[in-house]
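Secondary and tertiary structure notes
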Amino acid sequence: MSRIPAEADRHHAPSLLEGALHTDLTPEGCDLGYWFRAVPEGTLGGDPMGRSPDVPVPDHMRADGPLRQAVMQELAFRSMAEEKAARALSFLVAYAPDLAGMDFYASQLMDEARHAYAFRGHLLELGTPEADLTSTMEKLAGADRDAILAPLEDFGLSVLERDRDYIGGVVTLTVLVEGVLAPTAELSERKWRPFDPPAAEIERAAGIDEIRHLSVGTTIVRRHVRDHPEELNRIRELVARGVELWSRLPVQELTLRREQLYQQGMEQHRDLAGDYELWPGRRLVDTTAEERMLAAAEWASATQEARLADMGLTS
């Protein structure tokens, strides 16, 4: 019998969207022993970037153009987001009220740091000189980091660092950060499969990790609300403040800008996509930038609503 749980197996795990909606995991079940058994070999297949070493970067992705620019912008931003998540998680490790929570968030911190490493690594594979990596990422995504990630970080640190609010921090990361960004990651995995298979594999491995993060975070909050019903209104107010912040951030503008750049590149390489379907019944080459942006937004809303319901935070 395989030692790799199905939800962590790179060959058998569900998609990020399906897993985020239906997987039910606990911090006790996803302890350090689980992580060491399941992630290095099961999810990553022995590769720290989470991709097959025998799948080369295609020549067309090394040539300058809108397709290469699109993936580089995405990965630079994703790497910055994962770095900030890893740093924020250090507070959950410090403030966890039990060993199960401490161990789980220590493993999630490692996951997020690895994601940032993997996304940076693919920028190097795409031809970015290592000496220029930091400055290149700044040019690619520095403005978007300041417009989107910095306000989110300020919100999260007000909960984690200033208030030392463990459950508030779990809610913030699970609902307001990963629960909203995860669907964009799902879109990235799907759309890069025909053009940049290594990028899609890296996204797939990161997505498998995010299923675990979303599910365990949900379990922790659900238990807390069940055991401390007097906290319900406070947590709901925190979520409302976070959702209001999200509504003011230029996330859709960023997504549309990237998708428009991707669209230009896709039109140049339509033959590579062929009849590949982005979702059942819809060929990738027939989709528009606006359609893909709206799909990601709808996926984000559905994921967030499902997480809130599972946590017991809906009315």
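Quick look at the structure, then. Since this is a predicted model, take the numbers as computed values, not measurements.

1. Quick look at the overall build of the chain
- When helices and strands are counted, the chain shows twelve helices and two strands.
- In terms of its C-alpha atoms, the chain occupies a principal-axis envelope of roughly 55 × 50 × 45 Å.
- Within the chain, the fraction of its 315 residues that count as buried is 58%.
- Partitioning the intrachain contacts of the chain with sequence separation of at least 6 by distance along the chain shows that 83% fall at a separation of at least 24.
- For the chain, the exposed area adds up to about 13500 Å²; of that, 53% sits on carbon and sulfur atoms.
- In the chain, 34 side chains carry a positive charge and 54 a negative one; their mean positions are 1 Å apart.

2. Examining the packing of aromatic side chains
- Summed over all chains, the structure comprises seven aromatic pairs.
- For the pair W192 and Y262, a centre-to-centre distance of 5.0 Å together with 90° between the ring planes defines the contact as edge-to-face. Here W192 is found in helix α7 (residues 166-192), whereas its partner Y262 is found in helix α10 (residues 251-268), with 70 residues between them in sequence.
- Classification of W192 as buried rests on a relative accessible area of 1%.
- Each ring, one from W279 and one from W299, has its centre 6.2 Å from the other, and the planes form 85°; the classification is edge-to-face. Here W279, found in strand β1 (residues 277-279), pairs with W299, found in helix α12 (residues 289-311); they are 20 residues apart in sequence, far enough to count as distant. The two residues W279 and W299 agree in class, both being buried.
- Ring pairing ties together the aromatic residues F104, Y105 and Y166, which thus form one cluster.

3. Some remarks on helix α2 (residues 32-43)
- For α2, the full list of buried residues reads Y34, W35, A38, V39, G42 and T43. Along the axis of α2, the buried residues cluster in a sector spanning 115°; they form a single face. Facing away from the buried side of α2, by more than 90 degrees, are the exposed residues F36 and E41.
- Tucked inside the fold, the buried residues of α2 contact α5 (99-125) and α8 (197-227).
- Directly beyond the C-terminal end of α2, a positive phi value near 60° is found at G45.

4. Quick word on α12
- Taking 1.5 Å per residue as the helical rise, α12 with its 23 residues ought to reach 33 Å, and the 33 Å between its terminal C-alpha atoms agrees with that figure.
- At the exit of α12 stands G312, carrying a positive phi of roughly 85°.

Reading the values: rules and limits
- Along each chain, numbering runs from 1 in the same order as the chain's sequence is written.
- Confidence filtering applies because this is a predicted model: local features only for residues at pLDDT of at least 70, side-chain atom pairs given and counted only at 80 or more, and all residues used for totals across whole chains, interfaces and linings.
- With hydrogens and water excluded, all non-hydrogen atoms of the structure serve as input to the side-chain values.
- Comment: elements are numbered from the N terminus, with helices defined as DSSP H or I runs of at least four residues and strands as E runs of at least two.
- The buried label goes to any residue with under 20% of its type's maximum accessible area, the exposed label to any with over 50%, and the partly exposed label to all in between, with areas taken from a 1.4 Å probe on protein chains only.
- Residues count as neighbours in contact if any of their non-hydrogen atoms are within 4.5 Å of one another.
- Every accessible area reported is derived by Shrake-Rupley at a probe size of 1.4 Å, with residue values counting cover from the shown protein chains alone.
- Under the counting rule used here, the positive set is Lys and Arg, the negative set is Asp and Glu, and His together with the chain ends is not counted.
- To locate a charge, the coordinates of NZ of Lys, CZ of Arg, CG of Asp or CD of Glu are taken.
- Here is the rule: rings of Phe, Tyr and Trp (six-membered ring for Trp) pair when centre to centre is within 6.5 Å. Planes less than 30 degrees apart are stacked, more than 60 are edge-to-face, and the remainder are tilted.
- By definition, the arc is the one covered by directions from the helix axis to the C-beta atoms.
- Here a helix's expected span is defined as the number of its residues, less one, multiplied by 1.5 Å.

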